[in-house]
Amino acid sequence: MQSTIETLFWLFVPIPRQSRFESVRLKFANIGFRYECPLCQARLGSLHPLGENFPVLVEKNVVGGRQRNARCPCCKSSDRERLIYRFLLYQTDLFSRPTKLLHVAPEKRLTKLIAKFSHLDYLTADLDSSPSRVMEQMDITDIHYPDASFDAILCNHVLEHVPEDRVAMSELYRVLRPGGWAILQVPISLTLDTTFEDPSISSPEERERAYGQHNHVRLYGRDYIQRLQNAGFIVNEFIWSKYPQYFGGSKNKYGLNPDEIIFFAVKQS
Ligand SMILES: [Zn+2]
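Residues numbered from 1 in each chain as written. Predicted model: local features only at pLDDT ≥ 70, side-chain atom pairs only at ≥ 80, totals over all residues. Heavy atoms only, no water.

### Comments concerning the overall build of the chain
Now for step 1: From N to C terminus, the chain includes eight helices and 13 strands.
Now for step 2: Relative to the compact-globule value of 18 Å for 269 residues, the chain shows a C-alpha radius of gyration of 20 Å, a close match.
Now for step 3: Projected onto the principal axes, the alpha-carbon positions of the chain cover approximately 60 × 45 × 40 Å.
Now for step 4: The proportion of buried residues among the 269 residues of the chain is 48%.
Now for step 5: At a minimum sequence separation of 6, the contacts of the chain that also span at least 24 residues come to 63%.
Now for step 6: Here the chain contributes 33 positively and 31 negatively charged side chains, and the mean placements of these two sets differ by 10 Å. (Helix = DSSP H or I, 4+ residues; strand = E, 2+ residues; numbered from the N terminus. Rg over C-alpha atoms; globule rule 2.2 N^0.38 Å. Buried < 20%, exposed > 50% of the residue type's maximum accessible area, 1.4 Å probe, protein only. Contact = heavy atoms within 4.5 Å. Lys, Arg positive; Asp, Glu negative; His and termini not counted. Charge placed at Lys NZ, Arg CZ, Asp CG, Glu CD.)

### Considering the pairing of strand S6 (residues 99-104)
Now for step 1: In terms of burial, S6 is largely enclosed, as five of its six residues are buried.
Now for step 2: Taken together, the six bridges between S6 and strand S7 (residues 120-126) define a ladder with parallel strand orientation. Opposite Val104, over in S7, you have Ala125 as the bridge partner.
Now for step 3: Pairing geometry for S6 and strand S9 (residues 150-155), over four bridges, is parallel. Looking at S9, one finds that His103 is bridged to Leu154. (Pairing = 2+ DSSP bridges.)

### Topic: the pattern of salt bridges
Now for step 1: Across all of its chains, the model carries 16 salt bridges by this definition.
Now for step 2: Across the salt bridge formed by Arg133 and Asp126, the nearest N and O atoms sit 3.0 Å from each other.
Now for step 3: Note on Asp126: relative accessible area 14%, which makes it buried.
Now for step 4: Beyond isolated ion pairs, a larger network of salt bridges with shared partners links Asp165, Glu197, Arg218 and Arg227. (Salt bridge = Lys/Arg side-chain N within 4 Å of Asp/Glu carboxyl O.)

### Observations concerning the environment of Asn69
Now for step 1: With respect to the helices and strands, the residue Asn69 is situated in strand S5 (residues 68-71).
Now for step 2: Accessibility expressed as a relative area gives 51% for Asn69, which makes it exposed.
Now for step 3: Separated by 186 residues in the primary sequence, Asn69 and Gly255 place their C-alpha atoms 8.5 Å from one another.
Now for step 4: Among all residues touching Asn69, those that are not within four sequence positions of it are Leu47, His48 and Pro49.

### Here's the deal with the coordination of the zinc ion
Metal coordination angles in their ideal form are 109.5 degrees for the four-donor tetrahedron and 90 or 180 degrees for the six-donor octahedron.
Now for step 1: Protein coordination at the zinc ion comes from Cys37 (SG), Cys40 (SG), Cys72 (SG) and Cys75 (SG), with a distance range of 2.3 Å.
Now for step 2: Coordination at the zinc ion comes from four donor atoms whose angles at the metal span 106 to 114°, giving a geometry best classed as tetrahedral.
Now for step 3: Every donor residue of the zinc ion comes from the same chain, spaced as C-x2-C-x31-C-x2-C. With Cys40 in the loop between strand S1 (31-36) and strand S2 (43-44) and Cys75 in the loop between S5 and helix H4 (79-91), this pair connects stretches of sequence that are 35 residues apart.
Now for step 4: The exposure class of Cys40 is buried, given its relative accessible area of 7%.
Now for step 5: We classify Cys75 as buried; its relative accessible area is 10%. (Donors = N, O, S within 2.8 Å, 3.2 Å for Na, K, Ca; no water. Tetrahedral: all angles 85-135°; square planar, octahedral: opposite > 155°, others 65-115°.)

### What to know about the packing of aromatic side chains
Now for step 1: By the definition in use, this model includes 14 aromatic pairs.
Now for step 2: On the numbers, 4.8 Å between centres and 25° between planes, the contact of Tyr90 with Tyr246 is stacked. Taken together, the positions of Tyr90 in helix H4 and Tyr246 in the loop between strand S12 (234-239) and strand S13 (261-266) put the pair 156 residues apart, joining distant regions of the chain.
Now for step 3: Given a relative accessible area of 31%, Tyr246 falls into the partly exposed group.
Now for step 4: Connected via pairs of aromatic rings, a cluster forms that spans Phe87, Trp181, Phe238, Trp240, Tyr243, Phe247 and Phe264.
Now for step 5: Between Arg34 and the ring centre of Tyr35, over which it is positioned, the NZ or CZ distance is 4.3 Å.
Now for step 6: Lying over the aromatic face of Phe150, Lys100 brings its terminal NZ or CZ to 5.6 Å of the ring centre. (Phe/Tyr/Trp six-rings, centres within 6.5 Å; stacked < 30°, edge-to-face > 60°. Lys NZ or Arg CZ within 6 Å of the ring centre and 35° of its normal.)

### Observations concerning the sheet that holds S13
Now for step 1: If you walk across this open sheet you meet the seven strands as S8-S7-S6-S9-S10-S13-S12, and the pairing is mixed. Of all strands in the sheet, those bounded by a partner on one side alone are strand S8 (136-137) and S12.
Now for step 2: Set on the sheet, helix H6 (residues 165-175) makes contact with S9 and strand S10 (176-183); between it and S10 the angle comes to about 130°. (Axes fitted to C-alpha atoms, helices over the stretch in contact; angles between N-to-C directions.)

### Let's talk about the side chain of Lys267
Now for step 1: Mapped onto the secondary structure, Lys267 falls in the segment after S13.
Now for step 2: Within polar-contact distance, the side chain of Lys267 engages the backbone oxygen of Arg174 at 3.5 Å.
Now for step 3: If we skip the residues at most four places from it in the chain, Lys267 touches Tyr173, Arg174, Leu176, Arg177, Pro178, Gly179 and Gly180. (Polar contact = N/O pair within 3.5 Å; in protein donor to acceptor, adjacent residues only side chain to side chain.)

Dropping the structure here:
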């Protein structure tokens, strides 16, 4: 709730400058020494809650789904966004080499950052084609681009929403150029060997109980990697905690999820 003084203050700040003022205000309000956000550079005392609270997410130890303190209170980035940004920075040449990049269902903070690099030929796309969010409408089970159109693809927390995920994986593989790479994160259970999906589970309530979110159509298990391999990808599982020097040190100052593995999928050249 804003005080009267705050309300009056905002009335006199020109609209183009309001987001800048708000960013500075949030950084002061949340200042601390425990965490540092690599996306907005805020120094933070704590992170805010993120994720869902359905029992299946705890029972099946679902990485990237269950509730945890992981959101930057300033830029609202998630632990996943911060991890991917650091990975892109230190494990790829995205920020130094001209790249045709497809970003499906783009994360807001990552998009803002990537869009600043003029050497990138950057396309954001989603099934929901709202022009304020993405450049283009795209169904990833039927991508209207020729083979080998992109050098790199980001498509995170999308496949668990797609009924025909094997078709989507094949399409992503098809439009990637040989030698290209994709980051394909999904919520994944560390205790399930085999992905659980049942087309008869169709109501939002049933899906919450079975998969941990109202619009998910499956809960991936360890065989997720095999599905990507079946589509043609060579899958590298990148465990960030083995490289603390690039990912926030032994104290995990970027507030990353210790269990999150980057699925770095490559198309053989
Ligand atoms: Zn931040």
